[in-house]
There are 2 protein chains.
Amino acid sequence: MRKYDLNDTTFVSVAKGIENETFMTVSQIIKDVNPTIDGSNISVLSGPSHAEEVVNRIPTAVVVASEDENIAKYVQATFINSFFRVYSTTDVLGVELGGAIKNVIAIGAGIIDGAGFGDNTKAAIMTRGIAEVSRLGIKLGANPATFSGLSGMGDLIVTCMSKHSRNRFVGEELGKGKKLNQILKNMKMVAEGVESCKSLYQMALENNVETPIVKSVYNILFLGKDPVKETYKLMAREMKAEHENN
Amino acid sequence: MRKYDLNDTTFVSVAKGIENETFMTVSQIIKDVNPTIDGSNISVLSGPSHAEEVVNRIPTAVVVASEDENIAKYVQATFINSFFRVYSTTDVLGVELGGAIKNVIAIGAGIIDGAGFGDNTKAAIMTRGIAEVSRLGIKLGANPATFSGLSGMGDLIVTCMSKHSRNRFVGEELGKGKKLNQILKNMKMVAEGVESCKSLYQMALENNVETPIVKSVYNILFLGKDPVKETYKLMAREMKAEHENN
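Residue positions are given per chain, counted from 1 along the sequence in the order it is written. Labels follow written order: the first chain is A, the first ligand is 1, and so on. It should be noted that, the model being predicted, local features are given only for residues of pLDDT at least 70 and side-chain atom pairs only at 80 or more, the latter also being counted only at that level, while totals for whole chains, interfaces and linings use all residues. As a convention, hydrogens and water are excluded, and side-chain values are obtained from all of the structure's heavy atoms.

S.K.: I'd like a rundown of the packing of helix H1 (residues 26-33) of chain A against helix H4 (residues 92-114) of chain A, residues and numbers included.
M.R.: Residues and elements named next belong to chain A. Note on definitions: angles span 0 to 180 degrees between N-to-C directions of axes, and those axes are lines fitted to C-alpha atoms, for helices only across the stretch in contact. Counting from the N terminus, the helices are the DSSP runs of H or I reaching at least four residues and the strands are the DSSP runs of E reaching at least two. Packing of H1 against H4 brings their axes to within 9 Å, and their N-to-C directions diverge by 115°. When H1 is examined against H4, the residues Val26, Ser27 and Gln28 are found in contact with a partner set consisting of Val92, Leu93 and Glu96. The class makeup of the residues in the contact of H1 with H4 is three nonpolar, two polar and one charged. By definition in these notes, contact holds between two residues if any of their heavy atoms fall within 4.5 Å. Ten residue types, Ala, Val, Leu, Ile, Met, Phe, Trp, Tyr, Cys and Pro, are classed as nonpolar, four, Asp, Glu, Lys and Arg, as charged, and the remainder, Gly among them, as polar.

Below, the structure written as structure tokens:
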């Protein structure tokens, strides 16, 4: 049997999420399970890329991250073509956090839809949602610009535009007044944002970062709080500057 | 007749755009026309706020900018209420540039819709559009984070979700193959993004900043270039890192 040298292999992770309790991202889990792998050999590819459109060769742009710039550029050069444009970055943590948080904010945007608020409200939740998780990202060592990029805001936009997104769907049902266990019972697929919300909520608490939107989504998901009241509570917070660091 | 002391008055501009040739923003035009006004008395209020929703008291979040932090906070405290949340900032230029550029990028997003590309493509144009104009903003002295905020990305999102946006509509018609003069002949209202595109294109040239999406929108608007070919040209650019400073 041929033996593979794991350190000769470049891994490209396309999975999203943050493990509960350990708060590990997917690339960190891969490293944890295979401690002999050199971390720079693990790259992460993410961004607004509905598979249904990619297989139909509809122009799509994504980002690939590796600690090692050369590995990122190698994966970029491997996958780039006339309808799949790949950008590179060394901010692995930012790309992975962005991919996980966008599912949580998408639940929030779905809640706004389901509860019958407007496009203004939805755009506000999306924009302020990215802003608050950027603050958490900075504390953890990510580049805040990554959250405004393809793996953060870009992926959030495509998720919120889609009628097929499972996370947005869970939010919409919650916004209409259904309870989480009812909603999940009727779903065949996993909505990753539900579990990622628990992780993000805990990470924000432990890092002393204010994340009011993640907290509201958490309250609605797990504490059965009323979506309309939670939205007005967000509106009634003390006055803030647009860019604050906590 | 009572005389007003202009320096006792706080102006709040809610108009958007960049004047052709002079490249002045609206607050700069106000100062230019009334040179005795102290600049810090002019504030700018902007963000994702369809008027139809605001009058119906649908929760909305915007940002107000003044050079003088206290004036910004004063306007914030004046307008904030339970359904209209106002954030403050001192980045007047960033807020005004964001408000102008979002109309140009919205034309780009409309082109993607009209030409029959997908949600992936539209999210990519929106995200990379904000990224490229942030680069121009940095050169002009704005805070790049402002472009990811309510007056930039937030307003762009609400514009791109709306079927009523005049700028997105112009783009959609261009994407279907119509020419600009035909489209404008049938419109009763102004699409500010058409004129702002000229200004932005020239500003980028003069400041030596690469803005491929603005350039493509310009080429389609004013040089009659083909929308589908221009989109594939964007996909075929050399490989890039996600965050570059030029």
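S.K.: Give a description of the relation of the copies chain B and chain A that names residues and reports values.
M.R.: When the copies are overlaid, the least-squares fit takes in C-alpha atoms only where the residue has pLDDT of at least 70 in both copies. Superposition record for chain B on chain A: RMSD 0.0 Å, screw rotation 180°, translation along axis 0.0 Å. Classification of the inter-copy transformation places it as that of a two-fold axis. Among all C-alpha atoms of chain B, that of Ser148 of chain B lies closest to the rotation axis, at 3.1 Å. Most of the interface of chain B is mirrored in chain A, where 100% of its interface residues are also at the interface.

S.K.: How would you summarise the sheet that holds strand E2 (residues 42-46) of chain A if you had to cite specific residues and measurements?
M.R.: Residue and element names in this part refer to chain A. Pairing in this open sheet of four strands is mixed, and the strands run E1-E2-E3-E4 from one edge to the other. Two strands close off the open sheet at either side, each with one partner strand: strand E1 (11-13) and strand E4 (84-89). In this sheet, neighbouring strand axes are inclined to one another by 30° on average, regardless of whether the strands run parallel or antiparallel. Pairing between E1 and E2: three bridges, direction parallel. If you follow Val12 over to E2, its bridge partner there is Ser43. Each of E1 and E2 touches H1; the most contacted strand, E2, lies at about 155° to it. Paired strands, as defined in this entry, are two strands with at least two bridges between them according to DSSP.

S.K.: Tell me about the interface of chain B and chain A, and name the residues and values.
M.R.: The interface of chain B with chain A comprises 55 residues on the first partner and 56 residues on the second. What makes a salt bridge here is a side-chain nitrogen of Lys or Arg within 4 Å of a carboxyl oxygen of Asp or Glu, nothing more. Put simply, chain B and chain A have zero salt bridges between them. Whenever a nitrogen or oxygen atom comes within 3.5 Å of another N or O atom, the pair is scored as a polar contact, on the condition that within protein one atom can donate a hydrogen and the other can accept it, and that pairs from neighbouring residues in sequence are kept only if both atoms are in side chains. At the surface where chain B touches chain A, the tally comes to 27 residue pairs in polar contact (both at pLDDT 80 or more). Taken together, the elements giving at least two residues each to the side of chain B that touches chain A come down to helix H2 (51-55), strand E3 (60-65), helix H3 (69-79), strand E4 (84-89), helix H5 (119-140), helix H6 (144-147), helix H7 (150-161) and helix H12 (227-235) of chain B. Its residues assigned to classes, the side of chain B that touches chain A comprises 28 nonpolar, 17 polar and 10 charged.

S.K.: Run through the nonpolar core, naming residues and quoting values.
M.R.: Definition used in this section: a nonpolar core is a set of buried Ala, Val, Leu, Ile, Met, Phe, Trp, Tyr and Cys residues joined via side-chain atoms within 4.5 Å. Each residue's exposure class comes from its accessible area (1.4 Å probe, protein chains only) as a fraction of the maximum for that residue type: buried when under 20%, exposed when over 50%, partly exposed otherwise. Membership of the largest hydrophobic core comes to 90 residues, with the highest contact counts inside it found for Val170 and Leu221 of chain A together with Val170 and Leu221 of chain B. Once residues lying within four places of it in the same chain are set aside, the contact partners of Val170 of chain A are Leu180, Ile183, Leu184, Met187, Ala191, Val194 and Leu221 of chain A.

S.K.: Go over the environment of Leu174 of chain B, please, and point to the residues and values.
M.R.: Residue and element names in this part refer to chain B. With respect to the helices and strands, Leu174 occurs in helix H8 (residues 166-175). For Leu174, a relative accessible area of 2% translates into the label buried. Sequence separation between Leu174 and Ala100 is 74 residues; the distance between their C-alpha atoms is 20 Å. Excluding residues that lie within four positions of it along the chain, Leu174 makes contacts with Ile107, Ile111, Lys179, Leu180, Ile183, Ile220, Leu221 and Pro227.

S.K.: Give a detailed account of the side chain of Glu96 of chain A, specifying residues and quantitative values.
M.R.: All names here are of chain A. Along the chain, Glu96 falls in helix H4. Despite its burial, Glu96 pairs with no opposite charge; the closest candidate is Lys31, at 7.7 Å N-O. When neighbours within four sequence positions are excluded, Glu96 is seen to be in contact with Thr25, Val26, Ser27, Gln28 and Val44. A residue counts as positive if it is Lys or Arg and as negative if it is Asp or Glu; His and the chain ends are not included.

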